[in-house]
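A closer look at the structure
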Amino acid sequence: MKISTRGRYALRFMIDLAQQNTNAYVPLKDISERQGISVKYLEQIAALLSKFQLLQSVRGPQGGYKLAKKPAEYTIAEILRPTEGSLAPVACLEQNPVSCPRSSECRTLQLWRGLDAVVSNYLNSITLDQLAGADPADDYVI
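Residues numbered from 1 in each chain as written. Predicted model: local features only at pLDDT ≥ 70, side-chain atom pairs only at ≥ 80, totals over all residues. Heavy atoms only, no water.

Some points on the overall build of the protein
The criterion, for reference: Only DSSP runs of H or I with at least four residues qualify as helices, and only runs of E with at least two residues qualify as strands; both kinds are numbered from the N terminus onward. Whether two residues touch is decided by their heavy atoms; if any such pair falls within 4.5 Å, the residues are in contact. Method for areas: the Shrake-Rupley scheme with a 1.4 Å probe, in which residue coverage is limited to the protein chains shown. In this count, Lys and Arg are taken as positive residues and Asp and Glu as negative ones, while His and the chain termini are left out. Think of each charge as sitting on NZ of Lys, CZ of Arg, CG of Asp or CD of Glu.
Scanning the protein from N- to C-terminus turns up six helices and two strands. Once local pairs closer than 6 in sequence are excluded, the contacts in the protein between residues at least 24 apart make up 62%. Surface accessibility of the protein: about 9000 Å² in total, with carbon and sulfur atoms responsible for 49%. Here the protein holds 16 positive side-chain charges and 14 negative ones, and the gap between their average locations is 7 Å.

Notes on the nonpolar core
Under the convention used in this document: We call a set of buried residues a nonpolar core when its members are Ala, Val, Leu, Ile, Met, Phe, Trp, Tyr or Cys and they connect through side-chain atoms within 4.5 Å of each other. Burial classes: relative accessible area under 20% of the type maximum marks a residue as buried, over 50% as exposed, and values in between as partly exposed (1.4 Å probe, protein chains only).
Counting residues in each nonpolar core, the largest one holds 31 residues, and the members touching the most others are Phe13, Met14, Leu17, Leu49, Leu55, Leu67 and Leu128. Those elements giving two or more residues to this core turn out to be α1 (5-20), α2 (28-35), α3 (39-51), β2 (64-67), α4 (76-84), α5 (109-125) and α6 (128-133). Of all the elements, α1 adds the most residues to this core, at eight residues. If we ignore the near neighbours within four places in the chain, the residues touching Leu17 are Val26, Ile31, Leu55, Tyr65, Lys66 and Leu67.

Some thoughts on the pattern of salt bridges
Operational definition: What counts as a salt bridge is simple: a side-chain nitrogen of Lys or Arg found within 4 Å of a carboxyl oxygen of Asp or Glu.
Counted according to the given criterion, the structure contains four salt bridges. Of the charged contacts, one joins Asp16 and Arg34 as a salt bridge, the two residues approaching to 2.7 Å between their closest N and O atoms. A residue pair is termed long-range when its members are at least 10 positions apart, and Asp16 in helix α1 and Arg34 in helix α2 qualify at 18 residues.

Overview of the packing of α1 against α4
Under the convention used in this document: A fitted line through C-alpha atoms represents every axis, and for helices the fit uses only the stretch in contact; the resulting angles, taken between N-to-C directions, go from 0 to 180 degrees. Here the angle decides the label: under 35 degrees means roughly parallel, over 145 means roughly antiparallel, 65 to 115 means roughly perpendicular, and every other value means oblique. By the definition used in this description, the sense in which the near helix is turned from the far one sets the handedness, with an anticlockwise turn below a right angle giving left-handed and a clockwise turn giving right-handed. Gly counts as polar in this scheme, as do all residues outside two lists: the nonpolar Ala, Val, Leu, Ile, Met, Phe, Trp, Tyr, Cys and Pro, and the charged Asp, Glu, Lys and Arg.
Where α1 contacts α4, the axes come no closer than 9 Å and their chain directions differ by 135°. As judged from the angle between their axes, α1 and α4 are oblique. Of the two elements, α1 crosses α4, and the hand of that crossing is right-handed. Of the residues in α4, those in contact with Arg6, Gly7, Ala10, Leu11 and Met14 of α1 are Ile76, Ile79, Leu80, Thr83 and Glu84. For the contact of α1 with α4, the class distribution of residues is six nonpolar, two polar and two charged.

Description of the side chain of Ser32
Relative to the assigned elements, Ser32 resides in helix α2. Setting aside chain neighbours within four positions, we find Ser32 in contact with Ile37, Ser38, Val39 and Leu42.

Details of α1
The test is simple: Every helix has an expected span of 1.5 Å times one less than the residues it contains.
Under the 1.5 Å per step criterion, the end-to-end length of α1 is 23 Å for 16 residues, consistent within 8% with the ideal 22 Å. Listing the buried residues of α1 in full gives Gly7, Tyr9, Ala10, Leu11, Phe13, Met14, Ile15, Asp16, Leu17 and Ala18. Contacts made by the buried residues of α1 are with α2, α3, β1 (55-58), β2, α4 and α6. Looking at the residues trailing α1, positive phi occurs at Asn21, about 50°.

Structure (C-alpha cells):
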C-alpha cells in the first residue's frame with residue numbers, strides 16, 4: 001500500500017488546523033504558507049474533505065476552514081479514506097463480500113485479510129490529536 005500525495009497532504013492540512021487550536025476559520029493561504037503546499041492543491045483537498053464532512057468552511061474575506069469536530073474525534077483512517085478511496089492492500093478486498101471467482105481456492109486471501117486488518121486497526125488507533133501534538137521524532141508502534 002502506498003499513500004498518495006493527496007493523502008499525505010490531507011493529513012498535513014488537518015494537522016495544521018488541529019494545531020491552530022482555535023474555533024476560528026483559517027484561510028487556505030495561511031495553511032499553504034506553513035505547509036508549503038499550493039493553494040490550488042489545498043482547494044481540491046479541502047473540497048474533498050468538506051464533502052465527507054470532515055471540515056467546515058466559510059467563504060469571503062473572513063472565510064476559511066476549520067475542523068468539523070475535535071481533533072481527538074478523528075482517526076487517521078477516517079482522513080485517509082476519502083483521499084485514497086480504499087486502504088485495502090489488494091483489489092479483491094475492496095468489495096464485501098469478496099467477489100473474486102478464485103476466492104474459495106485462493107491461498108493468499110487470508111494473508112491479505114490479515115494485512116488489511118492490521119493496517120485498518122493501526123490507522124484507526126491513531127487520532128488527529130495525537131499527530132498534532134506529537135514530536136516529529138516520536139515513533140508509532142504497530
